[in-house]
Structure formats: C-alpha cells, structure tokens
Amino acid sequence: METEMNSLYETFPSQIASLWKEGKDLKEYFEEVVSSLNASFDPYDWVGIYLVEGENLVLHSFRGDPTQHTKIRVGEGVCGWAAKTGETTVVPDVSQDKRYLMCFPETQSEIVVPIKGKNGVLGEIDIDSSRLSAFTELDSRMLEKITDHLALAIESEKRIG
Ligand code: SME
C-alpha cells in the first residue's frame, strides 16, 4: 500500500502536466487539477486554487464544501502568509496556529503551496484535511511540482491572452 502511494506521489505531477496544452481554457485545467487531487489522495478533503489579484487571493476552483473565504488579503491567514512569503506552508494542527482562518470545523491540518511565476507569486494550491498532521515532505514536494506546472500554464495563457 505504501509503495503504491509512493509511486502515485512520483507519477502524479506528470499526469497533471499532461492535462495541459497551450491554448486550453485555464479554468477547465484548474477544475481538472482540483478534482483529481481531491479524488486521488484520501486526506485531501478540500482542495482549492487561489490566484493573486491585486492585494487579494481569489478562489477560482475548488472541490469540497463551499467556503466563505473566496477572497483573502495577501498577508492574512495561512493562505495569505504563503502568498506573501512564497513558501510552502504546512500547518500540522490548525488549532495551534494563530494565522489560521477557519473555513470548516472538521479541518485539522492544512498545506498551502504557492504558484511561483517568473516575477513573483501568481496564486496557490490550498488543501485542508480532517486528519491531524496529514501532510509530509512527500506532499510538499509533489505539490511544488504541480504548482510549477500551474505557473507555466498561467504564464502561457497570459502570453496568448
Ligand atoms: N484556512 C485558510 C483559509 C482558506 S480555507 O482553508 C479554504 C487560511 O488560514 O488562510
């Protein structure tokens, strides 16, 4: 079981990359990314993609329950922290983190991985889990590869659009 999971962690970023082609609708790509992450990894109970728009992070696609936090100021919450610092941010126990903005009462841990473009943070993937300490280095490294693909897609759409 563990080996199967390890190989999923290895192959998943290239699966995500293969879903993108130049000219594809970005929203459609985001929908595929959040739904496949949510469906493929048991602890990933809520998966969202926020994009930086001015001083805010705006929620573009998600799987899981709707959240009131569809717009978060850069610098606020765990999401805003990751956008401001450009660092992957893992919160093993949200009840112990002062930055945390609550979305769902069942959430126990969270990971936020910035989407880094050539000139700064373009957005982020945010994942909530109802398990404590759900996210390890394996998750960080895999999700960072995925955000690299998302950055390429976003920047290629900007070139075309
Ligand atoms: N918990 C986040 C807010 C977004 S929800 O998890 C979807 C935060 O602290 O920024």
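Definitions and cut-offs
- Residues numbered from 1 in each chain as written.
- Predicted model: local features only at pLDDT ≥ 70, side-chain atom pairs only at ≥ 80, totals over all residues.
- Heavy atoms only, no water.
- Phe/Tyr/Trp six-rings, centres within 6.5 Å; stacked < 30°, edge-to-face > 60°.
- Buried < 20%, exposed > 50% of the residue type's maximum accessible area, 1.4 Å probe, protein only.
- Near = heavy atom within 4 Å.
- Polar contact = N/O pair within 3.5 Å; in protein donor to acceptor, adjacent residues only side chain to side chain.
- Helix = DSSP H or I, 4+ residues; strand = E, 2+ residues; numbered from the N terminus.
- Nonpolar A, V, L, I, M, F, W, Y, C, P; charged D, E, K, R; others polar.
- Contact = heavy atoms within 4.5 Å.

**Section: the packing of aromatic side chains**
Alright, step 1. Within this structure, the stated rule accounts for 7 aromatic pairs.
Alright, step 2. Residues Trp-20 and Tyr-29 carry aromatic rings whose centres are separated by 5.1 Å and whose planes lie at 50 degrees to one another, so their mutual orientation is tilted. Residues Trp-20 and Tyr-29 agree in their burial class; the two are buried.
Alright, step 3. Taken together, the ring pairs in this structure connect Tyr-9, Phe-12, Phe-41, Tyr-44 and Phe-135 into an aromatic cluster.

**Comments concerning the site of the ligand**
Alright, step 1. Taken together, Trp-46, Tyr-50, Ile-72, Gly-77, Val-78, Cys-79, Tyr-100, Leu-101, Cys-103, Glu-110, Asp-126 and Asp-128 form the complete shell of residues around the ligand.
Alright, step 2. In this structure, Glu-110 approaches the ligand through a side-chain N or O atom, which is 3.0 Å from a nitrogen atom.
Alright, step 3. Contact distances for the ligand include 3.0 Å between an oxygen atom and a side-chain N or O atom of Asp-128.
Alright, step 4. Breaking the shell around the ligand down by element, the ones donating at least two residues are strand E1 (46-53), helix H3 (77-85) and strand E6 (120-129).
Alright, step 5. It is H3 that contributes the most residues to the shell around the ligand, 3 residues altogether.
Alright, step 6. The residue inventory of the shell around the ligand, partitioned by class, reads 8 nonpolar, 1 polar and 3 charged.

**Section: unusual backbone geometry**
Working note: non-glycine residues mostly have negative phi, and peptide bonds are mostly trans.
Alright, step 1. For Ser-133, which is not a glycine, the phi torsion comes out positive at approximately 45 degrees.
Alright, step 2. In this fold, Ser-133 is placed in the loop between E6 and helix H4 (137-160).
Alright, step 3. Take Ser-133: its relative accessible area is 47%, and that puts it in the partly exposed class.

**Things to note about the side chain of Ser-140**
Alright, step 1. Within the fold, Ser-140 resides in helix H4.
Alright, step 2. Here Ser-140 falls in the buried class, since its relative accessible area comes to 5%.
Alright, step 3. With residues near it in sequence (within four places) discarded, Ser-140 still touches Thr-88, Val-90 and Ile-111.

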